[in-house]
Amino acid sequence: MTARAAAMLSILALSALTSLPGTAHGADAATAGAAIAQSAAGLLTPTGQADGTSYSLTIQVLALMTALTLLPALVLMMSSFTRIIIVLSILRQALGTAQTPPNQVLIGLALFLTFFVMAPVISTSYEAGLGPYLDGEIGVEEAFDKGMAPLRAFMLDQTRETELELFVSLSADDVASPEEVPTSVLVPAFITSELKTAFQIGFLVFIPFVIIDLVVASILMSMGMMMLSPMLVSLPFKIMLFVLIDGWSLLIGTLAGSFYL
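Engineer: Now, about the packing of helix α5 (residues 81-95) against helix α6 (residues 103-134): what can you tell me, with residues and values included?
Structural biologist: With their axes 9 Å apart at the nearest point, α5 and α6 run at an angle of 145° to one another. Pair α5 / α6 crosses with right-handed handedness. Counted together, Phe-81, Ile-84, Ile-85, Leu-88 and Arg-92 of α5 and Asn-103, Leu-106, Ile-107, Leu-109, Ala-110, Leu-111, Leu-113 and Thr-114 of α6 form the full contact between these two elements. The residue inventory of the contact of α5 with α6, partitioned by class, reads ten nonpolar, two polar and one charged.

The following block contains the structure:
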């Protein structure tokens, strides 16, 4: 906030307090109003230090609350969450169980599996960036750069070269190596690559259940039971097959292992 804005805030506070009807101590009210306005102006103005400019606690809290609004997008688009939730949704569709498991269960499972997969990346990022920043060893910009390095390495490992080359060409940036790709280009390339990988895994998951539906539909057709829904008859067999082969363990293990290949 500029000095002029702080002065205007002080004038407004003074005028409001002194204009109150029935105020017996106008001088005391004016003094209190000036103190309140000066305190508000001091909270909103940056304080100069030897190593640069640091903002007051109020501004830091405001910046933190703003950053928290972006956290869902970061979790969704810069981690393994996208691939996991898409595969789990395709699995539910292949089983034909409608809303079972419910969305809350799938999202919760995807979140905790995301934390499991991203744990080494988060730990490295904290040790390199956030930890030294909280200890006062490095500044905000340096902490951000060092904290983003492990996350960028994870996204580069999971991004296909074709998607990376596509977005690099669209951005018209002069990039000599994948490590020099800007984050604004790397993130959409990573998301596109994750969508492709998720649908490939979902296709492989869907095929066995389609075969069961075809077999059941053929049997019902040959028996003349055309009015009976094949999906209704095949559902118990698909659930039984998925349980007998320990499908949840196989699927979750495959999803978690696909990020380390």
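Engineer: Lay out the packing of aromatic side chains in plain terms, naming residues and giving numbers.
Structural biologist: Taken as a whole and judged by the stated rule, the model has five aromatic pairs. Between Phe-112 and Phe-115, the ring centres sit 6.3 Å apart and the planes meet at 85°, which makes this aromatic pair edge-to-face. Here the residue Phe-112 and the residue Phe-115 both occupy positions in helix α6, the gap between them amounting to three residues, near one helical turn. Given the relative accessible area of 64%, Phe-112 is considered exposed. The exposure class of Phe-115 is partly exposed, given its relative accessible area of 44%. The ring of Phe-259 carries the charged tip of Arg-83 above its face, separated from the ring centre by 4.0 Å.

Engineer: Lay out α6 with the relevant residues and their values.
Structural biologist: For α6, spanning 32 residues, the distance from its first C-alpha to its last is only 37 Å, which falls clearly below the expected 46 Å at 1.5 Å a residue. Along its length, α6 shows its largest kink, about 55°, at Met-118, and proline Pro-120 lies within four residues downstream of that point. Within the sequence span of α6, burial applies to Leu-106, Ala-110, Leu-113, Thr-114, Val-117, Met-118, Val-121, Ser-125, Gly-129, Gly-131 and Pro-132. Packed against the buried residues of α6 are α5, α7 (140-158) and α11 (247-257).

Engineer: Before we move on, could you go through a nonpolar patch on the surface and cite the residues and values that matter?
Structural biologist: A cluster of nonpolar side chains, namely Phe-203, Leu-204, Ile-207, Ile-211, Val-215, Ile-219, Met-223, Met-225, Leu-228 and Leu-232, defines an oily patch on the protein surface of about 950 Å² accessible area. Broken down by element, the residue count for the nonpolar patch peaks at six residues, all from helix α9 (residues 183-222). Position of Ile-207 relative to the elements: it lies in helix α9. Judged by relative accessible area, Ile-207 falls into the partly exposed class, the value being 35%.

Engineer: Which residues make up α11, and what are the values?
Structural biologist: Inspection of α11 places Gly-247, Leu-251, Leu-255 and Ala-256 among the buried residues, and these make up the whole buried set. Each buried residue of α11 sits inside an arc of 150° when the element is viewed along its axis, so together they form one side.

Engineer: Give a detailed account of the pattern of salt bridges, specifying residues and quantitative values.
Structural biologist: Taken as a whole, this structure holds three salt bridges when the rule is applied. Note that Glu-142 and Lys-146 form a salt bridge whose closest N and O atoms lie 3.0 Å from each other. Of this pair, Glu-142 and Lys-146 both sit in helix α7, four residues apart, which is roughly one turn of the helix. When its relative accessible area of 37% is taken as the criterion, Lys-146 is described as partly exposed. Across the pair Asp-213 and Lys-238 runs a salt bridge, and its minimum N-O distance is 3.3 Å. One end of the pair, Asp-213, is in helix α9; the other, Lys-238, is in helix α10 (residues 230-244), and 25 residues separate them in sequence. Under the relative-accessibility criterion, Asp-213 is labelled buried at 15%.

Engineer: Account for the environment of Ser-229, naming residues and giving values.
Structural biologist: By the element assignment, Ser-229 lies in the loop between α9 and α10. Along the primary structure Ser-229 and Ala-217 are separated by twelve residues, whereas in three dimensions their C-alpha atoms are 8.2 Å apart.

Engineer: Please set out unusual backbone geometry residue by residue, giving values where relevant.
Structural biologist: In this chain, Thr-100 is followed by Pro-101 through a cis amide linkage whose omega measures 0°. Positive phi values are uncommon outside glycine, yet Asp-246 reaches one of about 55°. Among the secondary structure elements, Asp-246 is positioned in the loop between α10 and α11. Relative accessible area serves as the criterion here: at 43%, Asp-246 is assigned to the partly exposed category.

Cut-offs and rules
Residues numbered from 1 in each chain as written. Predicted model: local features only at pLDDT ≥ 70, side-chain atom pairs only at ≥ 80, totals over all residues. Heavy atoms only, no water. Axes fitted to C-alpha atoms, helices over the stretch in contact; angles between N-to-C directions. Helix = DSSP H or I, 4+ residues; strand = E, 2+ residues; numbered from the N terminus. Left-handed = near helix turned anticlockwise from the far one by under 90°. Contact = heavy atoms within 4.5 Å. Nonpolar A, V, L, I, M, F, W, Y, C, P; charged D, E, K, R; others polar. Phe/Tyr/Trp six-rings, centres within 6.5 Å; stacked < 30°, edge-to-face > 60°. Buried < 20%, exposed > 50% of the residue type's maximum accessible area, 1.4 Å probe, protein only. Lys NZ or Arg CZ within 6 Å of the ring centre and 35° of its normal. Expected span 1.5 Å × (residues − 1). Bend = angle between axes of the 7 residues up to and from the residue. Patch = residues over 30% accessible without salt bridge, like charges linked within 9 Å, V, L, I, M, F, W, Y side chains within 5 Å. Areas by Shrake-Rupley, 256 points an atom, 1.4 Å probe, with all protein chains shown as cover. Salt bridge = Lys/Arg side-chain N within 4 Å of Asp/Glu carboxyl O. Arc of directions from axis to C-beta.

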